[in-house]
Amino acid sequence: MQIQENISFRRYNTFGIDAKARYFSVFKDIDELEELIGQGTRIKIQGTRLVLGGGSNILFTKDYDGLVLKNEITGIDELHEDNEYVYVKAGAGENWHQFVLYCISRNWAGVENLSLIPGNVGASPMQNIGAYGVELQEVFYSLEAFSLQEKKVFSFSRNDCEFGYRNSIFKERYKDQFVITSVIFRLKKKPGFHTNYGAINEELEKMGVKELSIQAISQAVINIRSSKLPDPKEIGNAGSFFKNPSVSKDRFEELKTKFPAIVGYNNSDGTIKLAAGWLIEQCGWKGYRSGDAGCHAKQALVLVNYGNATGQQVYDLSEKILSSVQEKFGVRLEREVNII
Ligand code: FAD
Ligand code: EPU
């Protein structure tokens, strides 16, 4: 394994930001990771370490003055099964969507609603990825992660991970302390379909689907996503830039009196989740562009890089959006994307 110096991140992040990594290396198993950390110590790499997967939820606002460890641990293994479930272990460096397709082809159910989410398996527990009515935690069984401090592998159960909406212990308390090396999923042998997210039923109808299947749901999700989310191969982006904020029911009623069209969904704890895309659109940002940084014309929650925006320019735009939403609605948005 080689540690490269001063290399451009551009092809390693879906925003297409041209920042540099002081040190950069790829590892394909835990031994290589350990060796790299050892080498890093020998050549006196100062600074911090950053684990990188597919780079689809990260914004580099500056060069990274430390060691970037790109996780390329692969492999998918069926561990065991019982009457209801099959337990499948996937290497952190496996591409998430390819893993979803692999499961669907074997009729293992549970991840079909999470089709076409960019990035790798290893990052999926980081923010408990979610889409179209399903979150990763519903199919998650456990993971293994290498502690950068203690230099050994630990196992985390679902409870240990403290999953929340776009959140986990690895995004909070254990930020930058562990390298997730593999994830074990508990997938259903008999599917329980999740079509409660309105757009899925509409799409299934449009597709002329008579009999529901995980294959059909996956295709419906792929069709919906492709119609409104920009493809990072064409326009740099990292999906939703902000989280959808939650407010109390009373606060929601107040807002509704002032803004009757406001979009909100009931959370299980009685609070209301607001559609941040709607709030941002109402502030006039949808389709906005300044230089190469912009707010996507079809989905206001997605910030984009049309080519040569710097991470700082995208960040500055996010700051302006945040302020205007705060001013108009009194609601504080929180960034979903990891800012470096
Ligand atoms: P990276 O961007 O490489 O890393 C993200 C964070 O995780 C960083 O902090 C990194 O240090 C850390 N990390 C990565 N790998 C590891 C590891 N092995 N161990 C420890 N830490 C690690 N997300 C959703 O939840 N739902 C969506 O519907 C969705 N749609 C998207 C659509 C588009 C077009 C894009 C570009 C992004 C979308 N995202 C969505 C965000 C993104 O796809 C997910 O967050 C994904 O899980 C990120 O994976 P990655 O491998 O690219 O992570
Ligand atoms: N909306 C607008 N204007 C916009 C965008 C959205 O008014 O420009 C309103 C519409 O009323 C729409 C509602 O917002 O009905 C919700 O929009 P959408 O269904 O597109 O979902 P979202 O809330 O914008 C969330 C996730 C996505 C996930 C989709 C589908 C977050 C932060 N984002 O987006 O996740 O794919 O739902 O489940 O929770 C990501 O995390 O990167 C991501 C893309």
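Residues numbered from 1 in each chain as written. Chains lettered and ligands numbered in written order. Predicted model: local features only at pLDDT ≥ 70, side-chain atom pairs only at ≥ 80, totals over all residues. Heavy atoms only, no water.

**Digging into the overall build of the protein chain**
Then, in step 1: When helices and strands are tallied, the protein chain shows seven helices and 20 strands.
Then, in step 2: A compact globule built from 340 residues should have a C-alpha radius of gyration of about 20 Å, and the protein chain, at 21 Å, falls within 12% of that.
Then, in step 3: Seen through its principal axes, the protein chain has C-alpha atoms that stretch 60 × 55 × 35 Å.
Then, in step 4: In the protein chain, which comprises 340 residues, the proportion classed as buried is 49%.
Then, in step 5: In the protein chain, the share of contacts with a sequence separation of at least 24, taken over all contacts with a separation of at least 6, comes to 60%. (Helix = DSSP H or I, 4+ residues; strand = E, 2+ residues; numbered from the N terminus. Rg over C-alpha atoms; globule rule 2.2 N^0.38 Å. Buried < 20%, exposed > 50% of the residue type's maximum accessible area, 1.4 Å probe, protein only. Contact = heavy atoms within 4.5 Å.)

**Here we look at the domain arrangement of the protein chain**
Then, in step 1: Domain assignment breaks the protein chain into domain 1 (4-71), domain 2 (76-188) and domain 3 (236-339).
Then, in step 2: Computed from C-alpha coordinates alone, the two centres of domain 1 and domain 3 are separated by 30 Å.
Then, in step 3: Contacts between the two partners involve eleven residues from domain 1, matched on the other side by 19 residues from domain 3.
Then, in step 4: At the boundary of domain 1 with domain 3, total buried surface from both sides reaches about 1,100 Å², with 52% on carbon and sulfur atoms.
Then, in step 5: Looking only at domain 1, the three residues that lose the most surface to domain 3 are Phe15, Asn57 and Leu59, adding up to 55% of its buried area.
Then, in step 6: The interface formed by domain 1 and domain 3 contains zero salt bridges.
Then, in step 7: Scanning the region where domain 1 abuts domain 3 turns up seven residue pairs in polar contact (both at pLDDT 80 or more).
Then, in step 8: Of the residues belonging to the side of domain 1 that touches domain 3, the class tally is five nonpolar, five polar and one charged. (Domains from an automatic or database assignment. Buried area = accessible area lost by both parts, 1.4 Å probe. Salt bridge = Lys/Arg side-chain N within 4 Å of Asp/Glu carboxyl O. Polar contact = N/O pair within 3.5 Å; in protein donor to acceptor, adjacent residues only side chain to side chain. Nonpolar A, V, L, I, M, F, W, Y, C, P; charged D, E, K, R; others polar.)

**Here's the deal with the sheet that holds strand E15 (residues 264-266)**
Then, in step 1: An order of E14-E16-E15 is seen for the three strands of this open sheet, with the pairing classed as antiparallel. In this open sheet, the two strands that pair with only one neighbour each are strand E14 (246-247) and E15.
Then, in step 2: Bridge analysis of E15 against strand E16 (residues 272-274) gives three bridges, and the strand direction is antiparallel. Within E16, the position partnered with glycine 264 by the bridge is leucine 274. (Pairing = 2+ DSSP bridges.)

**Description of the environment of valine 86**
Then, in step 1: With respect to the helices, strands and loops of the structure, valine 86 is situated in strand E7 (residues 85-91).
Then, in step 2: In this structure valine 86 comes out as buried when scored by relative accessible area, which is 1%.
Then, in step 3: In the structure, valine 86 is positioned 169 residues away from leucine 255 in sequence and 46 Å away in space, judged by C-alpha atoms.
Then, in step 4: Not counting residues up to four positions away in its chain, the partners in contact with valine 86 are Glu78, His80, Glu81, Trp108, Phe185, Arg186, Leu187 and Lys189.

**Side note on the packing of aromatic side chains**
Then, in step 1: If you walk through the whole model with that rule in mind, you get 20 aromatic pairs.
Then, in step 2: Seen in terms of ring centroids, tyrosine 132 and tyrosine 197 are 4.9 Å apart; in terms of plane orientation they differ by 70°. Their pairing is edge-to-face. With tyrosine 132 in the loop between strand E8 (130-131) and strand E9 (134-135) and tyrosine 197 in the loop between strand E12 (178-188) and helix H3 (198-206), this residue pair connects regions lying 65 residues apart in the sequence.
Then, in step 3: Put simply, the rings of Phe154, Phe156, Phe170, Tyr174 and Phe178 pair up and form one aromatic cluster.
Then, in step 4: Residue placement shows arginine 106 over the ring face of tyrosine 102; its charged tip is 3.7 Å from the ring centre.
Then, in step 5: The ring of tyrosine 306 is capped by arginine 289, whose NZ or CZ atom sits 4.1 Å from the centre of that ring. (Phe/Tyr/Trp six-rings, centres within 6.5 Å; stacked < 30°, edge-to-face > 60°. Lys NZ or Arg CZ within 6 Å of the ring centre and 35° of its normal.)

**Quick notes on the site of ligand 2**
Then, in step 1: For ligand 2, the set of nearby residues contains 23 residues, the closest of which are Tyr132, Tyr165, Glu281, Gln299 and Glu336.
Then, in step 2: Within the side chain of arginine 225, an N or O atom sits 3.5 Å from an oxygen atom of ligand 2.
Then, in step 3: Note that an oxygen atom of ligand 2 is positioned 2.8 Å from one of the backbone N or O atoms of alanine 300.
Then, in step 4: Where the shell around ligand 2 is concerned, the elements lending two or more residues are helix H4 (214-228), strand E13 (236-240) and helix H6 (276-282). (Near = heavy atom within 4 Å.)

**Quick notes on a negative patch on the surface**
Then, in step 1: Taken together, the side chains of Asp29, Asp31, Glu34 and Glu35 define an acidic patch exposed on the protein surface.
Then, in step 2: Accessibility expressed as a relative area gives 46% for glutamate 35, which makes it partly exposed. (Patch = residues over 30% accessible without salt bridge, like charges linked within 9 Å, V, L, I, M, F, W, Y side chains within 5 Å. Areas by Shrake-Rupley, 256 points an atom, 1.4 Å probe, with all protein chains shown as cover. Lys, Arg positive; Asp, Glu negative; His and termini not counted. Charge placed at Lys NZ, Arg CZ, Asp CG, Glu CD.)

**Structural notes on the site of ligand 1**
Then, in step 1: Neighbouring residues of ligand 1: 33 residues in total, closest Val51, Gly54, Ser56, Gly130 and Arg225.
Then, in step 2: Contact between ligand 1 and serine 56: an oxygen atom at 2.7 Å from a side-chain N or O atom of the residue.
Then, in step 3: In this structure, arginine 225 approaches ligand 1 through a side-chain N or O atom, which is 2.7 Å from a nitrogen atom.
Then, in step 4: Secondary-structure elements contributing two or more residues to the shell around ligand 1 are strand E3 (49-52), E8, E12 and E13.

**Digging into the layout of surface pockets**
Then, in step 1: Of the pockets and cavities examined, the second largest pocket occupies roughly 200 Å³.
Then, in step 2: Around the second largest pocket sit 13 residues that line it, and Gly110, Glu138, Val139, Lys188 and His194 are the ones nearest its centre.
Then, in step 3: Per-element tally for the lining of the second largest pocket: the top contributor is E12, with three residues.
Then, in step 4: Here the residues of the lining of the second largest pocket sort into six nonpolar, three polar and four charged. (1 Å grid on protein atoms, 1.4 Å probe; cavity = no way out; pocket = protein on both sides within 12 Å on 5 of 7 lines; lining within 4 Å. Points joined across faces, edges and corners; volume = space filled by probe spheres on them.)

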